[in-house]
Structures are given as structure tokens and as C-alpha cells.
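# Notes for the structure review
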Amino acid sequence: MTSNTASAVSVAGWNFDNSYARLPESFFARLNPVPVRSPHLVVFNRQLTESLGLRSQALEGDEGAAIFAGNLIPAGAEPIAQAYAGHQFGNFTKLGDGRAILLGEQITPDSQRFDIQLKGSGQTPYSRRGDGRAALGPMLREYIISEAMHALGIPTTRSLAVVTTGEQVFRETPLQGAILTRVAASHIRVGTFEYLSAQGDREAIRTLAEYTIRRHYSDLITAENPYLSLFQVVMERQASLVAKWLQVGFIHGVMNTDNMALCGETIDYGPCAFMDAYDPATVFSSIDRGGRYAYGNQPHIAQWNLARFAETLLPLLHANQEKAIQLANEALASFPELFQRYRLSGMRAKLGLSTAESADIDLMNDLLSCMQQNHADHTNTFRDLAEETLADAPLFRDAAFLEWYLRWQDRLARQPQSAEESRSLMRAHNPAVIPRNHRVEEALQAAVERRDFTVMKRLLHVLSRPFDDQPGHDDYRLPPEPSERCYQTFCGT
Ligand code: AMP
Ligand code: MG
């Protein structure tokens, strides 16, 4: 092992446990990050640091840079790379952390447990042909989008820091190397189960299922069929998560089974993006040629991924295989309805509705089809509905929309809540700002090309209060000019 272990760093508040590293050795490989030449801390999340029980002051200097670069291992950490597999665009592959190291689990002062993972930290036994490294642009992009998602109230991994490494990584061109410190409730993926299942190791699957239950869903320990309940709760979390994505126009871009976390957090920000004009066929990822992971396809893919998860659980669901398949199928079949319930309740909030009527689904769908017809901006249309500033919008020249608008006004009038109450419900669910691609690209360009991080910091500041009016920052609400439109985001490896 080439990295140093520092005992003094616990003044920073590190309080590691390493429960994953106590699982069977086949679940991971033990190794340290590969040290880098010249670590430099370029972005640091003070608030998150403090909420983890860590001290910003101790981590903002050289020691923090060395830790977040993997050059210095904090006391109590037991670094590992996790093994997993996954279906990538429908095809099964063995993967694993090819460029990430889990330092350990930070236990916070209020006894919460968070994975602290370095991404871009060098080769591991799972690197296949990759260099184990990451470029600065994609790591900053993950930082911006994940923190924006958090501020939008969407379950997500968080970003603690980005360091530049002082080394180049070679993609199509040489790029600056960087490492992101990612914080997650855990990194257990559908693909982690698939990995063990592919090895035919039933006992290992049971061990991982029990671990997952203990770590995330401890109420289920006493359930009649804890593994079926595990499947159901994971399904519930995914239904809720994907509904939240749709609510803000988020497109994950690579919903492979290795990028679906069982804790229900959004994970792995690669070619993800937020939609401007509403169109369910929107795709940004340059590698998603068939539109498999298009905006509107995300619920179907979630269900497809959950089917892969269910397959791995079959031996635990019932001793009789046919019965196990029946249980899994029954559970899985409830997904569309479950999703629709989350989708509809989220949409009711976006429309200021506190009560439920059966025709609300038509109200939702009719608005969306008007928006699609008119290429209306997803974020601004909903925010305008909340702010009653819609009269200026081009949508108001559309007869179908005007008909819809009157129907919506009638619907609002039928509920007991006041107009003011509806308005505040809408304002709390319709963000004014999202990380629009052209603003994200602008921030990344300044950082990567000019080492000017002020553009990114301003953007992060605005994105940290997405539901507030922020006078002086209205330009962040503007959709891109035709010349600024980004049609593709590239898979950030
Ligand atoms: P992702 O598309 O980021 O979810 O990554 C898919 C798989 O490829 C994961 O197993 C990663 O660890 C691995 N991977 C991505 N980039 C690299 C790299 N530069 N070196 C090694 N492995 C990588
Ligand atoms: Mg991944």
C-alpha cells in the first residue's frame, strides 16, 4: 500500500465504521486509492461536511486535499472497491468499482451512516480496460447536478469535494484529472445482487439481502417474508424517485441496473440533464441511440430494472420456485399503478390541488400534451402557473391551452383551499431554477478552461434555493437561446 495512514486526521471528525468491508471477501477488493501527483482542492461543500460531523476548518487545507485525493487515508477507514455487475443498455456485464474507492462509512453525531467514496481514484481489480481516473469537467458536473437535486428535495447521493490531481487523463484529448468525493446512504445497487446471482451463490445473496435490510429497512427484519418486503419497499422507493425526476424534467441518461441504488437515491450522474422544452422523447446521452433512457421511458426502465432485481431474489422468496416466481410477478405487476399514484400526487401539488378527483389524470395529461404541442418550457410553464404570470406566455395563444386553463381554474375553485394556499403549494413544487444545461456548460467551461470557479459557485448558490424568488438572478430562469441549446451530454468517463 502506497498511501499513508494518518492517525492525526481524526481531529477532522472522522468516525468510520466499515460494515461493508466485514461482509464476505468476494463482495469487494481491499485496496487503497492510487496516490496522485499534486492534489488541489477546487470545490468544497462546507455545509455537507459539517452535517457529517466533520470539521471544515480541518479539511479545507492541504490535509483535506490529500484525503480527498486518496493520498492520505483518514484514521479508521478500510478502503475497498465494491464488486457488482449490471445490465448496461439491456446487456449483462460484470463491472465493479473500476475507478472508485469506498473509504468507509462515516457515522454522524446523530448516528446516521454514509458511504464516503472517492470517484476517479485509480485502477482497481474491476477496472477492465479503464484507467481508473476521471476528468475535471464530469466530476464538477456531478457535483453541480447532485447538489441541485438535493436542493430540489430529490433523494440523491451528495458531493463533498472535488480535487484536481495535477495529472492528465487521456480521452479523445488530454484533460485535467480530478477526483470527486461522493456521499451516499450506501452504494448497494441492483447490480450488486446481480453479481452474486451470476455466481450462483445463494448464501451470498441472502447475506447481502440481510445486510441491505439491516442497513436501510430495519423495520422489515420481523416481516413475514422479509425478502419480498425488501423487494416491495425498493420498488416503492424507485416509483417515488422516478416520479420526482419527471416532476422536475430530469433525465438520468444511463439507468443501467448498476446505476440503481437500493436505498432509493439517484446515483451516478453521467450524461444526465434537465429538459427545457417539454417532450417525453427527450434524450441527451450521446450513447443512448435508441432512446432507451428517454425522459418518458424512465418509469418503464425502472420496472425493467426491478424485474432484474426480483430475479436475483427468487431463491429467497419461496422454497418452491414456481411460487417464488408468482410472488415476484405479482409484486412487479403493481409497479405501473404504484408509479402512477406517485406521479399523480406530485402533479396535483404542481397544479395546486390538495384534493383528489378522478379526472385529475386527464387534467395532467391534457396540460402535458398542450405543452408538448407548443414546445413549452417545462420548468417555466409550471412556475408561471404558480405565479399567474402566464398571460404573457406563447401558450396563451393556443386555444386548447385556454380551454385547459379554464378547466383548471374550475377545478381549483371546487376545492376548499384558498387561492393563496394553492399558490404556495405550487411554489413549493414548481422550481424557479433548475440546472439548465447551458448554464452548467458555461460554469464548467469557465472552471476547466480558465480555472475560474466563480461562475460555478454563483450557479451553485442560485441552485441551492430553487423554490425561492431570487431577485437579480432571473437570468438563470431563461431557457437557452437556439445557439445555446445542448443536444447532447457525453458520458463523462
Ligand atoms: P458508469 O457508466 O460511470 O456507471 O460506469 C460503468 C462502469 O465502468 C463502472 O463499473 C465504472 O467503475 C467503470 N468505469 C467507468 N470509467 C472508468 C475508468 N476510467 N476506468 C475504469 N473503470 C471505469
Ligand atoms: Mg455506474
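Residues numbered from 1 in each chain as written. Chains lettered and ligands numbered in written order. Predicted model: local features only at pLDDT ≥ 70, side-chain atom pairs only at ≥ 80, totals over all residues. Heavy atoms only, no water.

Near ligand 1 there are 18 residues, and of these Gly-96, Gly-98, Arg-128, Asp-131 and Gly-132 occur at the shortest range. Within the side chain of Asp-131, an N or O atom sits 2.9 Å from a nitrogen atom of ligand 1. Surface burial for ligand 1 is 87%, taken as the share of its 480 Å² of free accessible area covered by protein chains. Both domains that furnish three or more residues to the shell around ligand 1 are identified here as domain 1 (4–186) and domain 2 (191–276 + 284–342). (Near = heavy atom within 4 Å. Polar contact = N/O pair within 3.5 Å; in protein donor to acceptor, adjacent residues only side chain to side chain. Areas by Shrake-Rupley, 256 points an atom, 1.4 Å probe, with all protein chains shown as cover. Domains from an automatic or database assignment.)

Once that is clear, we can look at the coordination of the magnesium ion (ligand 2). For the magnesium ion (ligand 2), every protein donor is listed as Asn-259 (OD1) and Asp-268 (OD), and the spread of their distances is 1.9 to 2.2 Å. Relative accessible area serves as the criterion here: at 11%, Asn-259 is assigned to the buried category. (Donors = N, O, S within 2.8 Å, 3.2 Å for Na, K, Ca; no water. Buried < 20%, exposed > 50% of the residue type's maximum accessible area, 1.4 Å probe, protein only.)

Turning our attention to unusual backbone geometry. Non-glycine residue Phe-89 carries a positive phi angle of around 50°. When you line up the elements, Phe-89 lands in the loop between strand E7 (85–88) and strand E8 (91–94). With phi around 70°, Asp-268 is a residue other than glycine that occupies positive phi space. When you line up the elements, Asp-268 lands in the loop between strand E14 (250–251) and strand E15 (273–274). (Helix = DSSP H or I, 4+ residues; strand = E, 2+ residues; numbered from the N terminus.)

Per the domain assignment, the segments of the protein chain are domain 1 (4–186), domain 2 (191–276 + 284–342) and domain 3 (351–493). A C-alpha centroid distance of 24 Å is found between domain 1 and domain 2. Counting each side, the surface lost to burial between domain 1 and domain 2 is near 3200 Å², with a carbon and sulfur contribution of 63%. There are four salt bridges connecting domain 1 and domain 2. (Buried area = accessible area lost by both parts, 1.4 Å probe. Salt bridge = Lys/Arg side-chain N within 4 Å of Asp/Glu carboxyl O.)

With eight of eight residues buried, strand E9 (residues 100–107) lies mostly within the body of the structure. Examined bridge by bridge, E9 and strand E10 (residues 113–119) share seven bridges and lie antiparallel to one another. Counted as the bridge partner of Glu-105 is Asp-115 from E10. Counted between consecutive antiparallel strands, the loop separating E9 from E10 contains five residues, among which Ser-111 sits at a positive phi close to 65°. (Pairing = 2+ DSSP bridges.)

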